[in-house]
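# An overview of the molecular structure
The chain contents come next:
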Amino acid sequence: HLARLLDAGVADGVPWAVAEPPAGATLDALLADIGPMPADLAAGFAAQVAGALAAAHAAGLAHGGVAADRVTVAPLEPMGKTAPDGSPRLRPAAGAAATLHDLG
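Residues numbered from 1 in each chain as written. Predicted model: local features only at pLDDT ≥ 70, side-chain atom pairs only at ≥ 80, totals over all residues. Heavy atoms only, no water.

### Notes on the pattern of salt bridges
Threshold: We define a salt bridge as a contact between a side-chain nitrogen of Lys or Arg and a carboxyl oxygen of Asp or Glu at a distance within 4 Å. Helix and strand assignments follow DSSP, with helices taken as H or I runs no shorter than four residues and strands as E runs no shorter than two, numbered in order from the N terminus. Buried, partly exposed and exposed residues are distinguished by accessible area as a fraction of the type maximum, computed with a 1.4 Å probe on protein chains only: under 20%, between the cut-offs, and over 50%, respectively.
By the definition in use, this model includes 3 salt bridges. Measuring nitrogen to oxygen at the nearest pair gives 3.0 Å for the salt bridge that ties Asp-33 to Arg-89. Taken together, the residues span a long stretch of sequence, with Asp-33 in helix H1 (residues 27-34) and Arg-89 in strand S5 (residues 88-100) at a distance of 56 residues. Relative accessible area serves as the criterion here: at 26%, Asp-33 is assigned to the partly exposed category. As a salt-bridge pair, Arg-91 and Glu-77 come within 3.0 Å of each other at their nearest N and O atoms. Note that Arg-91 is positioned in strand S5 and Glu-77 in strand S4 (residues 71-82), a separation of 14 residues in sequence.

Structure (structure tokens):
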């Protein structure tokens, strides 16, 4: 549940990393569309993010704040509704997974 690391290094003593952005919607955008999600779905996504953080720590990587705009959920399916701008409102599809995409 971590985005694939493309490159990493240290510049002027500051470590940096570039990760492949996963397909899907950020969790904050998804929550803006669907509102609060069922507890079992939220708990499942939280467990996936916790697993991603554990894997990052095991690899010796540090992370900054973990927030909904740094988590991507996919796959998604249309809700049958549209946003004011005409874009489809989406919800997690069966088997959707959360991916942590920014360790910043």
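From this point, things continue past the structure.
### Points about the side chain of Gln-48
Stated formally: Identification of polar contacts relies on pairs of N or O atoms within 3.5 Å, with a donor-acceptor requirement for protein atoms, meaning one able to donate a hydrogen and the other able to accept it, and with residues adjacent in sequence counted only if both atoms are side-chain atoms. Contacts are residue-level and defined by heavy atoms, with any inter-residue pair within 4.5 Å sufficient.
On the secondary structure map, Gln-48 appears in helix H2 (residues 39-58). Note on Gln-48: relative accessible area 18%, which makes it buried. There is a polar contact of 2.5 Å between the side chain of Gln-48 and the backbone nitrogen of Ala-98. Not counting residues up to four positions away in its chain, the partners in contact with Gln-48 are His-1, Ala-96, Ala-97 and Ala-98.

The values are spatial; any link to function lies outside them.
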